[in-house]
Amino acid sequence: MSVWQDKYIVVNSKSRPSFKLLGVRKLVIHYTANNGGTAMNHFNYFNNYRSLPRAASAHIFVDRTQALCIVPLNEVAYHANDKPSLIPALRATASYYKGGNANLTSIGVEMCMERNGTFHPDTISRTEDVFVELCRRYRLDPLTDIVRHYDITRKNCPAPWVSNPQAFTNFKNRVYAKLKGTVPPSSLPSTTSSSSDPILRKGSRSDAVKSLQSYLNKFGYNLNVDGAFGPLTQNAVKDFQRKNDLVVDGIVGEKTWSKLKSASPAQQSSKFPLPSVILKYGYHGSEVRQLQEALNEAGFSCGRADGVFGKKTLTALKSFQRSASLVVDGIYGNKTRQALHSKVNT
Ligand SMILES: [Zn+2]
């Protein structure tokens, strides 16, 4: 038996517009904020679209007894459209759907609440199983590709995991463990923990800011290492965050610190920068354009680098994979990125 049951709501403009999803780059976790409402209650609510106050929906609803997929996974659901996406990789538009929100590039999963406003342990466990299946199906990494609605638009969702981020981290670690049969390396105690790095923002003034500026300069930003976090430092931080798929808020927290310390400056200044996301047939965007430019440079012609992963790009990518003795699956991931990088940038 499948983890979830397909039970689709009717096509309608409020909750199932029948827009084609451009691809699945991330999986988004939500909560219903509706105490005691079951998956079936939510199917009925969104199927009865005439009484919906505004456009809304999600793909899968999970409660303690079942998971229902109410919008097909290759269609858009209205789950993260309250603002344009703060995660650049999820921002997308199509001729039929504008706004740059995350709905064209992600799948939304809603956890149902108990009457007392908590998640039942069976709901959590079933949601883990749903994400295991989704990560497997779309070749996504539970640790980096499961995000909260909060991470995309700062909406307080799922509220219990916004107030307690560790509970969300633990959830991702359990999905990882179920998927791979082993605990993630990052969940083990580390001697190089970054938790001692202070949070820095505009106006900060300290030796830690000097250290931040030195790190940024390795990526070519040319800042004065004066320990004062002014507008130039803030712009550099935002630019770095944008290029590294972080939330672009200009504030240096744990994730930005860790990226500054782990990202390779050489790769940043590459002549043909290569995105570190998974790309496949049907995707659109600047990352696809970078891939096309690199493939063209390597002699595997995609035609004009137009940012659309179509048949020509697929053929070029497969030829490259064949030439590099990689698995010829037409999907751009880590191994293809490394091979292409060493071909065009070294
Ligand atoms: Zn939400």
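All values reported here derive from a predicted model rather than from experimental measurement.

Draft legend 1. Local environment of the coordination of the zinc ion. In this structure, His30 (ND1), His149 (ND1) and Cys157 (SG) serve as the protein donors to the zinc ion, at separations of 2.1 to 2.3 Å. Site description for the zinc ion: donor spacing in sequence, H-x118-H-x7-C. One end of the pair, histidine 30, is in strand E2 (residues 26–35); the other, cysteine 157, is in the loop between helix H4 (149–153) and helix H5 (159–163), and 127 residues separate them in sequence. Judged on exposure class, the residue histidine 30 and its partner cysteine 157 are both buried.

Draft legend 2. Local environment of the pattern of salt bridges. Evaluated as defined, the whole model comprises 15 salt bridges. Between glutamate 128 and arginine 174 there is a salt bridge, with its nearest N and O atoms 2.5 Å apart. One end of the pair, glutamate 128, is in helix H2 (residues 121–138); the other, arginine 174, is in helix H6 (residues 165–180), with 46 residues separating them in the sequence. Taking the relative accessible area as the measure of exposure, glutamate 128 reaches 5% and is therefore buried.

Draft legend 3. Here's a closer look at the domain arrangement of the protein chain. Here the domain parsing of the protein chain yields domain 1 (5–186), domain 2 (207–268) and domain 3 (286–344). When each unit is reduced to the centre of its C-alpha atoms, the spacing between domain 1 and domain 3 is 31 Å.

Draft legend 4. Spotlight on H6. When the terminal C-alpha atoms of H6 are compared, their 23 Å separation across 16 residues agrees well with the 22 Å that a helix rising 1.5 Å per residue should span. Among all positions of H6, only Ala167, Phe168, Phe171, Lys172, Asn173, Val175 and Tyr176 are buried. Where H6 is buried, its residues touch E2, H2, helix H3 (142–145), strand E6 (146–148), H4 and H5. Phi turns positive, to about 75 degrees, at glycine 181, one or two residues after H6.

Draft legend 5. Highlighting helix H9 (residues 254–262). Those residues of H9 that sit buried are Thr256, Trp257 and Leu260. Mapping the buried residues of H9 onto a view down its axis gives an arc of 100 degrees, with all of them on the same face. Turned more than 90 degrees away from the buried face of H9, the exposed residues are Glu254, Lys255 and Ser262. The elements touched by buried residues of H9 are helix H7 (207–218) and helix H8 (231–243).

Here is what the cut-offs are and how they apply
The numbers attached to residues start from 1 for each chain and follow its sequence in the written order. Thresholds applied to this predicted model are a pLDDT of at least 70 for local features of residues and 80 or more for the giving and counting of side-chain atom pairs; totals over whole chains, interfaces and linings are not thresholded and use all residues. The side-chain quantities take in all heavy atoms of the structure and omit both hydrogens and water. Distances define the donors: N, O and S atoms within 2.8 Å of the metal qualify, as do those within 3.2 Å of Na, K or Ca. Water is excluded, so some sites may look unfinished. Helix and strand definitions here come from DSSP, where helices need a minimum of 4 consecutive H or I residues and strands a minimum of 2 consecutive E residues; each element is numbered from the N-terminal end. Relative accessible area decides the class of each residue, using a 1.4 Å probe on protein chains only: under 20% of the type maximum gives buried, over 50% gives exposed, and in between gives partly exposed. Any Lys or Arg side-chain nitrogen found within 4 Å of a carboxyl oxygen on Asp or Glu counts as a salt bridge. Just so you know, the domain bounds were taken from an automatic or database domain assignment. In a helix, the anticipated span is given by 1.5 Å times the number of residues less one. What makes two residues a contact is simply this: any of their non-hydrogen atoms within 4.5 Å. Arc definition: it is the arc formed by the directions from the helix axis to the C-beta atoms.

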